[in-house]
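One-letter residues, chain by chain:
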Amino acid sequence: MAEQFSLSLDSPLPVSGLSFRADAISTAEEARLIAAIDRIDLPPFAFQRWTAKRRTKSFGYLYDFRNADFGPTEPIPDFLNPVRTIAAGFAGVATENLVQVSIIRYDPGAGIGWHRDRPELDAVIGFSLGAPTVMRFRRRRGTAFERANIALPPRSLYLLAGEVRYDWEHSIAPMDALRWSVTFRGLAAPQPG
Ligand SMILES: O=C(O)CCC(=O)C(=O)O
Ligand SMILES: [Fe+2]
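Residues numbered from 1 in each chain as written. Chains lettered and ligands numbered in written order. Predicted model: local features only at pLDDT ≥ 70, side-chain atom pairs only at ≥ 80, totals over all residues. Heavy atoms only, no water.

For the protein chain, the name recorded in an unreviewed UniProt entry is Alpha-ketoglutarate-dependent dioxygenase AlkB, with Acidisoma cellulosilyticum as its organism.

Given below as structure tokens:
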């Protein structure tokens, strides 16, 4: 039978490798980021021949889901420097290690389906702006799924590393109000040999 966890902010985090910080940025910084993001052209996410409702753009490195190409792309814009520094401090890595960022705009009706982030990059560190949402986690256990949720209020920050990054999938149900996310990813540790 699948177990259902529900999380309030002062409960211990239910999945190993998951970290969370409320109020990681000020409301003024949130407004500054949203205004800067709104000046960027965010195309709808394209996967093979489909397009999704969420709009997204990556900087630093790009995994192109249309053709599975992974490689360098436009540099991370300067307006993201303050949050890049905060994300690095939160994850305990050097700022230069956060080589990729993806910006997503979820208009009403847009969500993100169950997935694990691509393995080309390592830690995943995400800021939430705008409407609050819930990130859902699941991992297969025999014939059922073990499940967990975390509330993502605006201006909060989460880190997915280790188990939650590699063993669990995550998703966000279609939103009913506008939300943006700014997600930094770190270089994977060099493989031995
Ligand atoms: O919007 C979010 O916080 C999650 C984004 C996400 O899961 C992803 O870009 O892989
Ligand atoms: Fe993801």
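Draft legend 1. Representation of the UniProt feature "domain: Fe2OG dioxygenase" (unreviewed entry) in the protein chain within the structure. Within this numbering scheme, the UniProt entry marks residues 95-188 as carrying the feature "domain: Fe2OG dioxygenase" (unreviewed entry). In residues 95-188, the share of helix is 5% and the share of strand is 62%. The end C-alpha atoms are 14 Å apart. (UniProt positions renumbered as here; feature names shortened; annotations may be inferred. Helix = DSSP H or I, 4+ residues; strand = E, 2+ residues; numbered from the N terminus.)

Draft legend 2. Quick peek at the packing of aromatic side chains. Evaluation of the coordinates by the stated rule reveals two aromatic pairs. Both rings, one in Tyr61 and one in Phe70, keep their centres 5.4 Å apart while their planes meet at 10°; by these two values the pair is stacked. By relative accessible area, Tyr61 is classed as partly exposed at 26%. Positioned above the aromatic ring of Phe45 is the side chain of Arg54, whose terminal nitrogen or guanidinium carbon lies 4.2 Å from the ring centre. (Phe/Tyr/Trp six-rings, centres within 6.5 Å; stacked < 30°, edge-to-face > 60°. Buried < 20%, exposed > 50% of the residue type's maximum accessible area, 1.4 Å probe, protein only. Lys NZ or Arg CZ within 6 Å of the ring centre and 35° of its normal.)

Draft legend 3. Summary view of the coordination of the iron ion (ligand 2). Within the first shell, the iron ion (ligand 2) binds the protein through His115 (NE2), Asp117 (OD) and His170 (NE2), at distances of 2.0 to 2.1 Å. Each donor residue of the iron ion (ligand 2) lies on one chain, and together they are spaced H-x1-D-x52-H. One end of the pair, Asp117, is in the loop between strand E7 (112-115) and strand E8 (121-130); the other, His170, is in strand E12 (residues 169-172), and 53 residues separate them in sequence. Neither residue differs from the other here; Asp117 and His170 are each classed as buried. (Donors = N, O, S within 2.8 Å, 3.2 Å for Na, K, Ca; no water.)

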